[in-house]
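Reading the structure
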Amino acid sequence: MSTETWAQRRREDRAAAAERARRDADAATERALHAEAVRAEIAERRRTEQATRDQVARTARAEQARRARTERRKRAAARRSAVGVWAAAHRVDLLIYPLAVVSAVMAVPAMAAYGVAVYGSWTGAVLPVLSELGMWAFALAVQSRRRTHPAAPLWALQAGVWAFAAVAAGLNLAHGLDGEHGGVSTGLVMGVVSVAGVIAHQLVTAGARPARRARTERAAERKLRAARRAALRAAVAQIDTDGDARLVHAPGVYRVERDGLGRPVLAPHTTPGLPVDDDGGDLAAEVSAWLAEQNPGLLSVPVPSADEPADGTGNQHDPADIGTEDDRPDGHGVATLDRPTGPTGGEHGRRRPRKVARPRARSMDALRAEFAAAVAAGEVDPSSAESIRTGLRCAPARARALRDEHRTDQS
């Protein structure tokens, strides 16, 4: 290898080494710049996050303060509203109780001094407890009883109020009459001052009575009380095998009347439009229905329709109102058999009617059971009292009662 070639190669090696060094320096500088940029970005991101957290915290504190102010304003408004409602409800008390306070401020010290002078010791200082506090205790008891039990009697408490008010007025009057500066005018002033507050309280606050009920309500209550007394007087005692007794009442519709001594008594009454539940009164109508089934061709008078009201137009009557044969008008009542006419008269020529067994009256509960079974079987029309009467062979009044009960159950 020649000297020039070696030198040329060496120059090239040094140039390559310098180039590598320059590139390494550039790479190091670039890495340093990149690291600095990353650090700056991280710091900026941290500052942004901290600022965001600070802003959120400030917003939360501001919202909390705003809510606290709102709650305080609401509580203050509620207190003002409650005070306003209480003041509106106790407007009269706010006008009356200052009078009581002024009366007590003037009377209590005077009575305490008078008690010490009368008793000669400190025990007389409690005299206002008897003279002033006594009447106020009864006055507030009257007010409390009036509010909690409006219908309770108050005469005993009010008598206590006025009795202790008389005691207070008398003691203050005696105090005003005693002493070198005493006199009638002084005694009257001290007596009036002592009871002025409680008088105003009783007249305005505790003296208000509840509104009177309507006259019809009071009359109805009086009639109910009279009916209960009459029912209690008419009740009978039922004794069981153990000797225990209980009062038994006869249910029904009654009119409250007065006997010769003015005592209330119960008189049976029939009201049009009300169902009648009377087993004995409808027996004649059931006999008529039974005879109609046994001898349909021998009826002299047809039974009126059950749909027609009793005592309506014409001369029809409810079979329950018909009595014995002697009481029945001609052509009405229970159907009878026509007597056959013969060539000979007298008792031997008459044909004696055949005796028939009298059907037993059914109770209303039995009729209800039969009616329900007949309706279920489709044998009767529940909206027609005549269909019920003919189907069950019962009295028109009971047929109407069953029809009305069915209508009420359906509605």
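Residues numbered from 1 in each chain as written. Predicted model: local features only at pLDDT ≥ 70, side-chain atom pairs only at ≥ 80, totals over all residues. Heavy atoms only, no water.

Notes on the overall build of the protein chain
Assigned secondary structure in the protein chain consists of ten helices and four strands. Order of helices (α) and strands (β) in the protein chain, N terminus to C terminus: α-α-α-α-α-α-β-β-β-β-α-α-α-α. Split into buried and exposed, the 411 residues of the protein chain put 22% on the buried side. Counting only contacts in the protein chain whose residues sit at least 6 apart along the sequence, the fraction spanning at least 24 positions is 59%. When the accessible area of the protein chain is evaluated, it comes to approximately 29000 Å², of which 58% is carbon and sulfur surface. (Helix = DSSP H or I, 4+ residues; strand = E, 2+ residues; numbered from the N terminus. Buried < 20%, exposed > 50% of the residue type's maximum accessible area, 1.4 Å probe, protein only. Contact = heavy atoms within 4.5 Å. Areas by Shrake-Rupley, 256 points an atom, 1.4 Å probe, with all protein chains shown as cover.)

Thoughts on helix 3 (residues 127–148)
Here helix 3 is 22 residues long and its end C-alpha atoms lie 31 Å apart, about the 32 Å a rise of 1.5 Å per residue gives. Taking the largest bend as the criterion, helix 3 deviates by roughly 40 degrees, centred on L133. By the burial criterion, the buried members of helix 3 are L127, P128, S131, E132, G134, M135, W136, A139, V142, Q143 and R146. Buried residues belonging to helix 3 abut helix 2 (91–119), helix 4 (155–177) and helix 5 (184–205). (Expected span 1.5 Å × (residues − 1). Bend = angle between axes of the 7 residues up to and from the residue.)

Thoughts on the pattern of salt bridges
Here the structure, examined in full by the defined rule, presents 14 salt bridges. Across the pair R368 and E405 runs a salt bridge, and its minimum N-O distance is 2.9 Å. Taken as a pair, R368 in helix 8 (residues 364–377) and E405 in helix 10 (residues 396–410) lie far apart in primary sequence, 37 residues in all. Accessibility expressed as a relative area gives 26% for E405, which makes it partly exposed. (Salt bridge = Lys/Arg side-chain N within 4 Å of Asp/Glu carboxyl O.)

Observations concerning the confidence of the model for the protein chain
Mean pLDDT over the protein chain stands at 77; residues scoring 70 or higher make up 75%. Here residues 277–281 is modelled with pLDDT under 50, and outside its nearest four sequence neighbours on either side it reaches nine contacts, counting other chains as well. Here residues 310–350 is modelled with pLDDT under 50, and outside its nearest four sequence neighbours on either side it reaches 40 contacts, counting other chains as well. (pLDDT = per-residue confidence, 0-100.)

So, a positive patch on the surface
Together, R69, R72, R73, R75, R79 and R80 give the surface a local cluster of positive charge. On the secondary structure map, R80 appears in helix 1 (residues 3–89). According to the relative accessible area criterion, R80 is exposed, its value standing at 56%. (Patch = residues over 30% accessible without salt bridge, like charges linked within 9 Å, V, L, I, M, F, W, Y side chains within 5 Å. Lys, Arg positive; Asp, Glu negative; His and termini not counted. Charge placed at Lys NZ, Arg CZ, Asp CG, Glu CD.)

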